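Here are the chains, one letter per residue:
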Amino acid sequence: MYAAVRRYEGVTDPVAAGRLVNEGFVPLMRQVSGFVAYYWVDAGDGVMVSTGVFQDQAGAEESISKAADFVRENLASMLPNPPQVTAGEVLASA
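Residues numbered from 1 in each chain as written. Predicted model: local features only at pLDDT ≥ 70, side-chain atom pairs only at ≥ 80, totals over all residues. Heavy atoms only, no water.

(A) Summary view of the sheet that holds strand β3 (residues 47-54). Strand order across the open sheet formed by four strands is β2-β3-β1-β4, with antiparallel pairing between neighbours. Strands with a single pairing partner mark the edges of an open sheet, and in this sheet they are β2 (35-44) and β4 (84-89). Recorded for the sheet is a direction-independent mean angle of 10 degrees between the axes of neighbouring strands. Note that strand β1 (residues 2-9) and β3 share eight bridges and pair antiparallel. When the sheet's bridge partners are listed, Arg 6 is paired in β3 with Ser 50. (Pairing = 2+ DSSP bridges. Helix = DSSP H or I, 4+ residues; strand = E, 2+ residues; numbered from the N terminus. Axes fitted to C-alpha atoms, helices over the stretch in contact; angles between N-to-C directions.)

Spelled out as structure tokens, the structure:
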């Protein structure tokens, strides 16, 4: 399995961002080949973190591309800073 984690800082409206992600982005993630799970977390203080888990590296990479497009097209005003992106193989899970 592979995971893609994106950390967004300076989020101006976490509630609205969460609603848009849930309504618009989560359905896109479910269509990615090898999709396992997706989480959007409000870490407080204008920080939000997304985690996507996929069967393979190709799915994780596709999710990163789709996230960039979705943010640019739908969330740019609420997520003004580029995310810190980390992706890699899952070596342990529960």
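Next comes the rest of the write-up.
(B) Highlighting helix α1 (residues 14-31). In this model α1 runs 24 Å from its N-terminal to its C-terminal C-alpha over 18 residues, within 8% of the 26 Å that 1.5 Å per residue would give. Where α1 bends most, the angle comes to about 40 degrees, and this point is Phe 25, followed within four residues by the proline Pro 27. Within α1, burial applies to Ala 16, Ala 17, Gly 18, Val 21, Phe 25, Val 26 and Met 29. Of the surrounding elements, those touching the buried residues of α1 are β1, β2, β3 and α2 (57-75). (Expected span 1.5 Å × (residues − 1). Bend = angle between axes of the 7 residues up to and from the residue. Buried < 20%, exposed > 50% of the residue type's maximum accessible area, 1.4 Å probe, protein only. Contact = heavy atoms within 4.5 Å.)

(C) Broad picture of the confidence of the model for the chain. Residues with a pLDDT of 70 or more make up 100% of the chain, whose mean pLDDT is 96. The weakest mean pLDDT in the chain belongs to α2 at 95; the strongest belongs to β3 at 98. (pLDDT = per-residue confidence, 0-100.)

(D) Inspection of the packing of aromatic side chains at higher detail. Tallied over the entire structure, the rule returns four aromatic pairs. Between Phe 25 and Phe 70, the aromatic rings sit 5.3 Å apart at their centres with planes inclined by 45 degrees, giving tilted as the arrangement. Residue Phe 25 is found in helix α1, and its partner Phe 70 is found in helix α2; the two are separated by 45 residues along the sequence. Take Phe 25 and Phe 70: they sit in the same class, and that class is buried. (Phe/Tyr/Trp six-rings, centres within 6.5 Å; stacked < 30°, edge-to-face > 60°.)

(E) Up close: the nonpolar core. Core analysis: the biggest nonpolar cluster contains 20 residues, and Phe 25 and Leu 75 have the highest contact counts within it. Those elements giving two or more residues to this core turn out to be β1, α1, β3 and α2. Take this core: its biggest share by element is six residues, from α1. Those residues in contact with Leu 75, other than ones at most four positions away along the chain, are Ala 17, Leu 20, Val 21 and Phe 70. (Core = buried A, V, L, I, M, F, W, Y, C linked by side-chain atoms within 4.5 Å.)

(F) View of the pattern of salt bridges. Per the stated rule, a full pass over the model turns up three salt bridges. Glu 9 is paired through a salt bridge with Arg 7; the nearest N and O atoms lie 2.9 Å apart. The closest approach of N and O atoms between Asp 69 and Arg 72, which form a salt bridge, is 2.4 Å. Of the two residues, Asp 69 and Arg 72 both sit in helix α2, three residues apart, roughly one turn of that helix. The exposure class of Asp 69 is partly exposed, given its relative accessible area of 31%. (Salt bridge = Lys/Arg side-chain N within 4 Å of Asp/Glu carboxyl O.)

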